[in-house]
Each structure stands twice: as structure tokens, then as C-alpha cells.
Amino acid sequence: MTANPSTGTLFIVATPIGNLGDVSPRALETLAGVDLIACEDTRTSRTLLARHNIRTRTVALHQHNERAASAALIETLRAGKNVALVTDAGTPGLADPGALLVAAAHGAAVPVVPVPGPSAATAALSASGFAAGPWLFAGFLPATPTARKKALDALDAQRPIVFFEAPHRIRATIEALAARFDGDRELVIARELTKKFEEVVRVPLREAGVWLDADPHRERGEFVLVLGPGEPSETENTRAAGERVLDVLLEAVPALSAREAAKLAVRITGAPRNALYAHALARTGRARRPEPEE
């Protein structure tokens, strides 16, 4: 949708993840120049604003009021006012409220402008030493063991995975990672990034619990975990082979339906049928529909 020049602009402003010196001049200029700042927690944001004598009015936009607050902010933007969105720390929209507001702004033809800066995920990844390439951001895992295991089982095991975690759940999360993935995979534990007691260590996953045990202070603070890439499992290799065969079938025999091509690829490779059927539908540009069981 084409932006409406008569509306205000929504600025997505990254703020420091700990060290207040990491804020950019452009971020400060934006926060001082907009008409309103939408904050995850106005009390937290005021620390940064007060340090730089920024007196822009603030409103709360958090997980409990996001829908109602977003609707009100869209009306403000439609009235020609400029709004900045900030989170408590880092880049908005990665593991914080704000996506509803940004999506609504796009839907209302309101210009959306990112003001990039600090991000705990990219900071930890940059300090991990893992080779550049595709990586996966998993954010915060579910709190309950069953839901946590289900979420981990669904993750791609081959690429680096970035997690956020709170201090009271760090041990349970590391134990869950050790139960799900190969203990030889390396884990970067980044604690209190950019803050006074910052630590960044890289250990084999099986030794991560030992590292925590060595000092009781290590379970304090906010964590970013970067799990290094692993070797593909036998199941993943089989699925990859099935997708390659499926791609060849669809290209060589255009008359084959997605369902027929998937069935042939399953017979040839033994890969999971549902996965190959979904892949075939994606290749042929069709929406997923229930496949009858045979």
C-alpha cells in the first residue's frame, strides 16, 4: 500500500540494551523530534530520556494493552503526528510488543521508518565466532517443560539458533537444550551484555551446566544463548533427499499434481509424506489443504 503523505511517520527506534552510551545520535534526535513515544514501560524509557533531557510525551504500549494502544496510536498518526516506538532495551519487534502497531501502520498507509541500533541477538551472534550464514532467532522459549520440548523439537538443528532467557529459567533451558541437541555442539552464553558484569563464554553444550555451577552469580542477569550449528540428522537428510527428488519430478513431469508428485517422492526416498506434500504445494504455488488419509 502506498504511503499517505498527509499522515505522520512511525519510527522504530532501537535503544541501548544496557550501556546507555550505545544510543545513536540519530535515535536521540528522533526521540526528541517526534510528537509521542510509545514505550514498553514508560518508567524504563524515562531513564534514557531524562539523561538526554528529552521531554517528549510518552505512552505505554505493552503486551496487555497492545491492541487498544495500537488503535489509538494509528489515529494519532493519521492526524499527522509523528510517533516513535521503543522497547525497554534493544530493537523493537524482536521479542517485545509492537508488531501489531507496525502491521497496523502498514495497513493504514502510514510510513514506517526504522532507526537501527542495539540488538541483543545480533550482539551475541557477533561475539559467537560461528561462521556467517543463515541463523534462526527463537526468542524466549515457553515456560512449561512440555511446551518447551515441543518448541525445541520443531527447530532446525543445522543452523545457529539464538535464544533469549531470564535468570530464573536459564538452568531449565540449558538442560532442555542438552536433552534435545548433540552435547558436542557449542553454546555461547552471553550474560548481561554491555552491562557491568557482562560475560561471554563458548563451551560445549554438555558442559554448560558445569559452567553455571562454578559460580552462583552466573545465574543472574539477562541471557542470550547462541547454539552453534549441528550436523543434519538422519531424518533431516531423508527429508532433504525427498525434496530434491520431488523438485525433479515436478520439473520433469509438469502434468503431475502436487499430491501425486509427493506420493512418488515418498515411495522413492521414504521421506515424511506430509512434509513433502507441503513442499510440493509451495513449489506449485497452491495453498495448503487437508490431505485425505489412505
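The structure under discussion appears in the preceding block.
Summarised in this report is the structure supplied together with it. The structure displayed is predicted, hence computed values, not measured ones. (Residues numbered from 1 in each chain as written. Predicted model: local features only at pLDDT ≥ 70, side-chain atom pairs only at ≥ 80, totals over all residues. Heavy atoms only, no water.)

**Focus: the overall build of the chain**
Stated precisely, the cut-off is as follows: Only runs of H or I of at least four residues qualify as helices and only runs of E of at least two qualify as strands under DSSP, and these elements are numbered from the N terminus. What makes two residues a contact is simply this: any of their non-hydrogen atoms within 4.5 Å. Two residue types count as positive, namely Lys and Arg, and two as negative, namely Asp and Glu; His and chain ends fall outside the count. Charge positions come from single atoms, namely NZ of Lys, CZ of Arg, CG of Asp or CD of Glu.
The number of helices and strands found in the chain is 11 helices and 10 strands. Over its C-alpha atoms, taken along the principal directions, the chain stretches across nearly 70 × 55 × 30 Å. In the chain, once contacts between residues fewer than 6 apart in sequence are set aside, the share between residues at least 24 apart is 68%. Taking the 34 positively charged and 34 negatively charged side chains of the chain as two groups, their mean positions are separated by 5 Å.

**A short note on helix α4 (residues 99–107)**
Threshold: For every residue, the accessible area obtained with a 1.4 Å probe (protein chains only) is divided by the maximum for its type, and the residue is called buried under 20%, exposed over 50%, and partly exposed between those limits. Directions are taken from the helix axis to each C-beta atom, and the arc is the one they span.
Among the residues making up α4, those that are buried are L101, V102 and A105. Take α4 and look down its axis: the buried residues cluster within an arc of 95°, on one side only. Positioned one or two residues after α4, A109 has a phi angle of 60°, which is positive.

**Overview of the pattern of salt bridges**
Selection criterion: By definition here, a salt bridge exists when the distance from a side-chain nitrogen of Lys or Arg to a carboxyl oxygen of Asp or Glu is within 4 Å.
Applying the stated criterion to the full structure yields 12 salt bridges. Here D153 and K149 are joined by a salt bridge, their closest N and O atoms 2.9 Å apart. Here D153 and its partner K149 are both found in helix α6 (residues 145–153), 4 residues apart, which amounts to about one turn of the helix. With relative accessibility at 52%, the residue K149 sits in the exposed group. We note a salt bridge from E199 to R191, for which the minimum N-O separation is 3.0 Å. In this structure E199 comes out as partly exposed when scored by relative accessible area, which is 22%. Residue classification places R191 among the buried positions, given a relative accessible area of 7%.

**A few points about the environment of F137**
Structurally, F137 can be placed in strand β6 (residues 136–140). Here the alpha-carbon distance between F137 and S257, two residues 120 residues apart in the chain, equals 34 Å. With near-sequence residues (within four places) excluded, F137 lies in contact with L94, A95, A121, V162 and F164.

**Structural notes on the pairing of strand β1 (residues 10–13)**
Defined as follows: Pairs of strands are assigned from DSSP output, requiring at least two bridges between the strands.
Side chains of β1 alternate between two faces, with L10 and I12 and F11 and V13 buried alike. Where β1 lies against strand β4 (residues 83–86), 3 bridges are found, and the strand directions are parallel. From the neighbouring strand, L10 faces β4, where its bridge partner is V83. Inspection of the sheet shows β1 paired to strand β5 (residues 112–115) by 4 bridges, in the parallel sense. Counted as the bridge partner of I12 is P114 from β5.

**Remarks on the sheet that holds β5**
Applied cut-off: Only the stretch in contact is used when fitting a helix axis, every axis being a line fitted to C-alpha atoms; angles between N-to-C directions are given from 0 to 180 degrees.
Spatial ordering of the open sheet is given by β3-β2-β4-β1-β5, a layout of 5 strands whose pairing is parallel. Pairing within the sheet leaves two strands with one partner each, and these edge strands are β3 (58–60) and β5. Sheet twist, expressed as the mean angle between neighbouring strand axes with direction ignored, is 25°. Sitting on the sheet, α4 touches β1, β4 and β5, and the angle it makes with β1 is about 150°.

**A word on the side chain of T87**
Counting through the fold element by element, T87 comes out in the loop between β4 and α4. For T87, a relative accessible area of 3% corresponds to the buried category.

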